[in-house]
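Listed below, chain by chain, are the residues.
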Amino acid sequence: MKKNVEFGIKKQLITKEEIQKRLKELGTQITEDFKNESEPLIVIGLLKGSIVFMADLIREIRLPLEIDFIEASSYGEGTQSSREVKILKDLRSTISGKNVLVVEDIIDSGFTLKKVLQLLGSRNPKKVSLCTLLDKPERREVEVDVQYVGFEIPNEFVVGYGLDFNENYRNLEYVGIAEPSVFE
Ligand code: 5GP
Ligand code: MG
Ligand code: MG
């Protein structure tokens, strides 16, 4: 067993400090945007990649809120989108009439979010907004309306701060790039 969590990491793309600073900015912006809303705010994390980001983000939102999770799968064990999006775990809560903030780790082709947003939109929420930690705009294949972006990144496969490769690296405190040998 590999004992070092950083095994195979080539470089840090976004440091822990940069993430912390950006989280505060996003939290302030979201708080501003929702503070005059009378309807409840429900923050929905897309499992599993969003959990680290979401845990930190909700503590920077200075408003009452509820959380829930949805799990969709578009990637198998590799790094290419299969384009087939399945809902593996649905929400526990009802979102009708509520303000929904979907939290995602990364938007790549956009297929996963498009499907999830369609599903949520069909349940009559008051408003659906989207916050992603990372965005790879170069890779977009379907249009997705995103209100809050942590960082735009180049077209490289990243891991850490919730993002995995074969379920590894989610517990890195930063976003990094793995060595090519990791993918072999
Ligand atoms: P999309 O449907 O936008 O192509 O991809 C959605 C999902 O693919 C993301 O939520 C994420 O789980 C995974 N993904 C896309 N790009 C990356 C990446 O660079 N690194 C990791 N670890 N996962 C990615
Ligand atoms: Mg994801
Ligand atoms: Mg993954």
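This text goes with the structure placed above it.
Note that this is a predicted model, so its numbers are computed, not measured. (Residues numbered from 1 in each chain as written. Chains lettered and ligands numbered in written order. Predicted model: local features only at pLDDT ≥ 70, side-chain atom pairs only at ≥ 80, totals over all residues. Heavy atoms only, no water.)

Draft legend 1. Looking closely at the pattern of salt bridges. Under the defined criterion, the tally for this structure stands at 17 salt bridges. Among the ionic pairs, K136 bridges to D108, the shortest N-O distance being 3.5 Å. Here K136 is found in the loop between β6 (127-135) and β7 (148-152), whereas its partner D108 is found in the loop between β5 (99-107) and α3 (111-121), with 28 residues between them in sequence. We note that K136, like D108, is buried. Across the pair R140 and D135 runs a salt bridge, and its minimum N-O distance is 2.6 Å. The class of D135 is buried, set by a relative accessible area of 5%. Members of the salt-bridge network, linked through shared partners, are K48, D164, E167 and R170. (Salt bridge = Lys/Arg side-chain N within 4 Å of Asp/Glu carboxyl O. Helix = DSSP H or I, 4+ residues; strand = E, 2+ residues; numbered from the N terminus. Buried < 20%, exposed > 50% of the residue type's maximum accessible area, 1.4 Å probe, protein only.)

Draft legend 2. Geometry of the site of ligand 1. The local shell around ligand 1 holds 17 residues, among which S109, G110, T112, V158 and D164 are the closest. Between ligand 1 and D108, the relevant distance is 2.9 Å, taken from an oxygen atom to a main-chain nitrogen or oxygen of the residue. Here K136 contributes a side-chain N or O atom positioned 2.8 Å from an oxygen atom of ligand 1. When residues of the shell around ligand 1 are traced back to their parent elements, those giving at least two are β3 (66-75), β5 and α3. No other element matches β5, which puts four residues into the shell around ligand 1. For the shell around ligand 1, the residue count by class is seven nonpolar, four polar and six charged. (Near = heavy atom within 4 Å. Polar contact = N/O pair within 3.5 Å; in protein donor to acceptor, adjacent residues only side chain to side chain. Nonpolar A, V, L, I, M, F, W, Y, C, P; charged D, E, K, R; others polar.)

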